[in-house]
Amino acid sequence: MPNASSWSASSPLLLLWEDSFGTRIFLSLLYAVLAISGTLSNVMVIYLVFSFKKLQTTSNAFIVNGCAADLSVCALWMPQEAVLGLLPPNSSSLRSAEYRLLRGGLLGLGLTVSLASHLLVAFNRYVLITKLPSVYQALYQRRHTGCMIGLSWALALLLVPLLPGLWTPGSAQQPPPRQTDGRSGYTALLLALAVLGQTALLLHCYLGIVRRVRGSAKRVSVLNFHLLHQLPFPAAPPPPRRAQRRLSSVSVLLLCCVFLLGTQPLVWVSLLGFFLRPAPPALQAASWLLLCSLSALNPLLYTWRSEEFRRAARSVLPRGEGSAAA
């Protein structure tokens, strides 16, 4: 493993050119597994939503938006990292500045839109559960939903060119000047603060849902919305009310825990490196790996408790695979 100084001059992502060949092989295999599983799961969710009318809800529109963003990470960025890990360190592909910008752009675009989609889904469910149906219908008209999705991509396209020091790796053989390192440090701090703010809003929405469901399960049951089937709650048949509230709370808290596990290590590693001292390279690499792995896990996070998704998947998959998925 390289020391902290060589880390700052190389990639902030996962492939370190100074790593041993065995480490690079392991990371390449890990990238390949995440790329294949993430691509299949994201494509499956997108296909099911577009194929079944019952799944074409506002909440699922935001989920599909996140899946499309995750595909840029799983289907486009991760396979390149898996292949580059097998190349020698002096390969011309690793030295090409234009190619590094392309890889960084794919990663930055996908992660930015994916994180924004997490927040859009959480806020959509929060409004549905805690506000009056008339408020939900007025806010989530088809035109407004399209504008929200478009703004998430516009924000990502605006931010990616402004964050070259974060998304694009440098050359370990040709360290960047000190000014670039300082700019990258402030960029990492900006990213950490943005993710912290997004996480606070997401937790506020889901914890508000938990309080509402625990306080009034009857209030949720009378909302005659198809969107309720997309919540990470038991769909039907409902268990006794006390057990239902407990299971609903556990499902939401589990979703929040997985999201926190994927995002917060990078946040605190970035804050530690800015205010105190750089974290060990292995810890930085692991934090990036957890964040990128969310792109493969997101489809499961939002569909594993949905009876509508399971029913649609059983009708599409072969009989044996459908039974296993059930």
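The protein chain is annotated in an unreviewed UniProt entry as GPR88 protein of Lophotis ruficrista. Reading the Subcellular location (unreviewed entry) entry of the UniProt record for the protein chain gives the comment "Membrane".

Enquirer: Give a detailed account of the pattern of salt bridges, specifying residues and quantitative values.
Expert: What the rule picks out here adds up to five salt bridges. We note a salt bridge from R311 to E308, for which the minimum N-O separation is 3.4 Å. With R311 and E308 both in helix α13 (residues 307-316), this residue pair falls three residues apart, about one helical turn. On the basis of relative accessibility, which here comes to 41%, the residue R311 falls in the partly exposed class. We classify E308 as buried; its relative accessible area is 12%. Through salt bridges with shared partners, a single network forms among E307, E308, R310, R311 and R314.

Enquirer: Tell me about the environment of A32, and please be specific about residues and values.
Expert: Within the secondary structure layout, A32 lies in helix α2 (residues 21-51). On the basis of relative accessibility, which here comes to 27%, the residue A32 falls in the partly exposed class. Residues A32 and Q80 lie 48 residues apart in sequence; the distance between their C-alpha atoms is 9.3 Å.

Enquirer: Talk me through the UniProt feature "transmembrane region" (unreviewed entry) in the protein chain; I want residue IDs and the actual numbers.
Expert: Using the residue numbers shown here, the UniProt feature "transmembrane region" (unreviewed entry) corresponds to residues 25-50, 62-80, 100-123, 144-167, 187-209, 250-276 and 282-304. Secondary structure over residues 62-80 splits into 100% helix and 0% strand, and the C-alpha atoms at its two ends are 27 Å apart. In the segment residues 187-209, helix accounts for 100% and strand for 0%; the C-alpha atoms at its two ends are 33 Å apart.

Enquirer: Residues and numbers for the packing of aromatic side chains, please.
Expert: In total, this model carries three aromatic pairs according to the counting rule given. Geometrically, the ring pair formed by Y31 and W77 is edge-to-face, given 5.5 Å between the ring centres and 90° between the ring planes. One end of the pair, Y31, is in helix α2; the other, W77, is in helix α3 (residues 58-84), with 46 residues separating them in the sequence. A relative accessible area of 1% places Y31 in the buried class. With a relative accessible area of 0%, W77 lands in the buried category. With a centroid separation of 6.1 Å and an interplanar angle of 70°, the aromatic rings of F62 and Y140 are classed as edge-to-face. With F62 in helix α3 and Y140 in the loop between α6 (133-139) and α7 (142-159), the pair connects residues that are 78 residues apart, well separated along the chain.

Enquirer: Provide a residue-level description of the nonpolar core, including the pertinent values.
Expert: Within the largest apolar cluster, 60 residues are counted, with the highest numbers of intra-cluster contacts made by F62, W77, M78, L107, Y206, W288 and Y302. For this core, the elements supplying multiple residues, two or more each, are α2, α3, α5 (97-130), α7, α9 (178-215), α11 (241-275), α12 (281-303) and α13. For this core, the element with the highest residue contribution is α5, accounting for eleven residues. Ranked by size, the runner-up nonpolar core spans five residues in total, among them L109, V113, A156 and V160.

Enquirer: Give a detailed account of α13, specifying residues and quantitative values.
Expert: Listed as buried for α13 are E307, E308, F309, A312 and A313. Residues of α13 that are buried in the fold lie against α2, α3 and α12.

Enquirer: So what's going on with the packing of α3 against α5? Residues and values would help.
Expert: As a packed pair, α3 and α5 sit with axes 8 Å apart at the nearest point and diverge in direction by 155°. The angle between the axes of α3 and α5 places the two elements in the roughly antiparallel class. By crossing handedness, the relation of α3 to α5 is classed as left-handed. Across the contact of α3 with α5, the residue classes tally to 14 nonpolar, ten polar and four charged.

Calculation rules
Every chain begins its residue count from 1, and numbering advances along the sequence as written. Only residues with pLDDT of 70 or above have their local features reported here, since the model is predicted, and side-chain atom pairs are shown and tallied only from 80 upward, although totals for entire chains, interfaces and linings are computed over all residues. Think of the side-chain values as coming from all heavy atoms in the structure, minus any hydrogens and water. UniProt positions are given in the numbering used here, feature names are shortened, and annotations may be inferred rather than shown by experiment. In the sections that follow, a salt bridge refers to a side-chain nitrogen of Lys or Arg positioned within 4 Å of a carboxyl oxygen of Asp or Glu. Secondary structure elements follow DSSP: runs of H or I of four or more residues count as helices, runs of E of two or more count as strands, with numbering from the N terminus. Burial classes follow relative accessibility: with a 1.4 Å probe on protein chains only, a residue under 20% of its type's maximum area counts as buried, one over 50% as exposed, and anything between as partly exposed. When two rings of Phe, Tyr or Trp (its six-membered ring) have centres within 6.5 Å they constitute a pair, described as stacked for plane angles under 30 degrees, edge-to-face for angles over 60, and tilted for the intermediate range. As used in this record, nonpolar core signifies buried Ala, Val, Leu, Ile, Met, Phe, Trp, Tyr and Cys residues forming a set joined through side-chain atoms within 4.5 Å. In what follows, a contact means two residues having at least one pair of non-hydrogen atoms within 4.5 Å. Axis angles are defined between N-to-C directions and span 0 to 180 degrees, where every axis is a line fitted to C-alpha atoms and, for a helix, only to the segment in contact. By the definition adopted for this analysis, an angle is roughly parallel if under 35 degrees, roughly antiparallel if over 145, roughly perpendicular if from 65 to 115, and oblique otherwise. In this scheme, a crossing is called left-handed if the near helix is turned counterclockwise away from the far one by less than a right angle; it is called right-handed if the turn is clockwise. All amino acids are sorted into three groups, where Ala, Val, Leu, Ile, Met, Phe, Trp, Tyr, Cys and Pro are nonpolar, Asp, Glu, Lys and Arg are charged, and the leftover types, Gly among them, are polar.

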